[in-house]
Amino acid sequence: MSPDVLSRGSVRSAAEVNEQIRALWLRAGGTLSVPERAEYELLVVEWAEAIRGEVVEAA
């Protein structure tokens with residue numbers, strides 16, 4: 001995932017990003033390599049942005 005995706009805000013829902021996080025953990029067998037850890041960190045940031053966006057929309 002490129003930093004450009006994060007700078008524009010999440011275009012995916014929190015649920016979609018959460019599914020990708022779960023899939024990453026399953027593929028990794030519960031232990032993340034250095035590149036997987038970097039991917040995980042980006043996904044968590046995207047997920048948090050999506051959650052914030054969903055809360056603002058709900059308000």
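Let me sum up the structure you'll find in this document.

Here is what the cut-offs are and how they apply
- One numbering rule holds for all chains: residues counted from 1, following each sequence as written.
- Where local features are concerned, this predicted model is filtered to residues with pLDDT of at least 70; where side-chain atom pairs are given and counted, the filter is 80 or more; whole-chain, interface and lining totals use all residues.
- As a rule here, side-chain values cover all heavy atoms of the structure and leave hydrogens and water aside.
- Salt bridge, as used here, is a side-chain nitrogen of Lys or Arg placed within 4 Å of a carboxyl oxygen of Asp or Glu.
- By the criteria applied, helices consist of DSSP H or I runs no shorter than four residues and strands consist of E runs no shorter than two, each listed in order from the N terminus.
- The rule is simple: take the accessible area with a 1.4 Å probe, protein chains only, and divide by the maximum for that residue type; under 20% is buried, over 50% is exposed, in between is partly exposed.
- A pair of aromatic rings is counted whenever rings of Phe, Tyr or Trp (Trp by its six-membered ring) have centres within 6.5 Å, and the orientation is called stacked for planes under 30 degrees apart, edge-to-face for over 60 and tilted otherwise.
- Take the buried Ala, Val, Leu, Ile, Met, Phe, Trp, Tyr and Cys residues and link them wherever side-chain atoms come within 4.5 Å; each set so joined is a nonpolar core.
- Contacts are assigned to residue pairs that have any heavy atoms within 4.5 Å of one another.
- One less than the number of residues in a helix, times 1.5 Å, gives the span that helix is expected to have.
- Arc definition: it is the arc formed by the directions from the helix axis to the C-beta atoms.

1. Side note on the pattern of salt bridges
- Throughout the structure, instances matching the rule amount to three salt bridges.
- Note that Glu46 and Arg12 form a salt bridge whose closest N and O atoms lie 2.7 Å from each other. Placement of the pair is Glu46 in helix H3 (residues 34–58) and Arg12 in the loop between helix H1 (3–7) and helix H2 (14–28), with a sequence separation of 34 residues.
- For Arg12, a relative accessible area of 26% puts it in the partly exposed group.
- Arg37 is the partner of Glu41 in a salt bridge, and the nearest nitrogen-oxygen pair spans 3.4 Å. Of this pair, Glu41 and Arg37 both sit in helix H3, four residues apart, which is roughly one turn of that helix.

2. A look at the packing of aromatic side chains
- In the structure shown here, the tally under the stated rule is one aromatic pair.
- Relative to Tyr40, the ring of Trp25 has its centre 5.5 Å away and its plane inclined at 80 degrees; by these criteria the two rings are edge-to-face. With Trp25 in helix H2 and Tyr40 in helix H3, this residue pair connects regions lying 15 residues apart in the sequence.

3. Side note on the nonpolar core
- The biggest cluster of nonpolar side chains holds six residues, and these are Val17, Ile21, Leu24, Ala28, Leu32 and Leu43.
- No other element matches H2, which puts four residues into this core.
- Residues contacting Leu24, with those up to four places away along its chain left out, are Leu32, Glu36, Glu39, Tyr40 and Leu43.

4. Some details on H2
- The first and last C-alpha atoms of H2 sit 21 Å apart over 15 residues, in line with the 21 Å expected at 1.5 Å per residue.
- Inspection of H2 places Ala14, Val17, Ile21, Leu24 and Ala28 among the buried residues, and these make up the whole buried set. Down the axis of H2, the sector holding all buried residues measures 80 degrees, keeping them to one side. In this structure, H2 carries Ala15, Glu19, Leu26 and Arg27 as exposed residues pointing more than 90 degrees from its buried face.
- Count one or two residues on from H2 and you reach Gly29, which has phi positive near 70 degrees.

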